[in-house]
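# Structural characterization, general
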Amino acid sequence: MKIVFIYLLLLLNLYAQKSVIKTSFINQANYANKSMQEIKVILLEKVKVDAASEIFGDFIKSETDIENGKMIRNLIISEKNGLVHIKGTPKYANGKNFGDIQVTVEAYATDEDLKNMSIQKIKVTDYVYTNPNIALKDIKKAAEDAFLVYALSTKRASLKNNPNQISIARELSIALSITKSVFDPKNSAYTMSGTVDYIPFFLKNK
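Residues numbered from 1 in each chain as written. Predicted model: local features only at pLDDT ≥ 70, side-chain atom pairs only at ≥ 80, totals over all residues. Heavy atoms only, no water.

## Quick notes on the overall build of the chain
- Looking only at helices and strands, one finds five helices and nine strands in the chain.
- When its helices and strands are written in sequence order, the chain yields β-β-α-β-β-β-β-α-β-α-α-β-β-α.
- Per-residue burial over the chain gives 35% buried out of 206 residues.
- Within the chain, counting contacts between residues at least 6 apart in sequence, those at least 24 apart form 68% of the total.
- Only carbon and sulfur atoms are counted for the fraction: they give 53% of the accessible area of the chain, which is about 12500 Å². (Helix = DSSP H or I, 4+ residues; strand = E, 2+ residues; numbered from the N terminus. Buried < 20%, exposed > 50% of the residue type's maximum accessible area, 1.4 Å probe, protein only. Contact = heavy atoms within 4.5 Å. Areas by Shrake-Rupley, 256 points an atom, 1.4 Å probe, with all protein chains shown as cover.)

Structure below.
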């Protein structure tokens, strides 16, 4: 029997302000083939990512597959994401070291941005999965995958027809919790209830 555990560690300062003054820098020597304008664009994107990390936190997702009591796969994904806005005009200057160029911005997030980066739940009741062509030893796992896809497709309809829907659903989900699981051997069917945790920003933008 194969069990998939999905966890999320959210390194988030719950008392962080909605805005932050952030300074980031890069060295021009690493971008010798870029114009100054292009370097400034790259630097501005970097400071946005750094500001988002400070406002929203860093997300570390760990997915572990266990079969017959043995770990067969362990995947850790670290992400820095989130939407931030820039107030006013970015201030560019030379950095402390030769060739460094730095930018300072005031970045902020709205209440809607913060909500879109918070964990939400999708509740599904009595979802029925049946497939007589799947071996009995594999049907529960297939039912859980289908449950996950069904739940997320209520928020992202395009997932229904995607040929890679299972792998995408696993990537977009934060946690899967099955609270009810009833198997009907006559019809090779599982009836499941439970919840799927997700973050709206990732579901919309990935």
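## Description of helix α3 (residues 136-153)
- With 18 residues, α3 extends 26 Å from end C-alpha to end C-alpha; this agrees with the ideal 26 Å at 1.5 Å per step.
- Among the 18 residues in α3, 13 count as buried, and that is most of the element. (Expected span 1.5 Å × (residues − 1).)

## Some words on unusual backbone geometry
- Located in the positive-phi region is D126, a residue other than glycine, with phi close to 55 degrees.
- Here D126 is to be found in strand β7 (residues 120-130).
- With a phi close to 50 degrees, S188 is a non-glycine residue in the positive phi region.
- Along the chain, S188 turns up in the loop between β8 (173-184) and β9 (189-198).
- Residue S188 is classed as buried on the basis of its relative accessible area of 14%.

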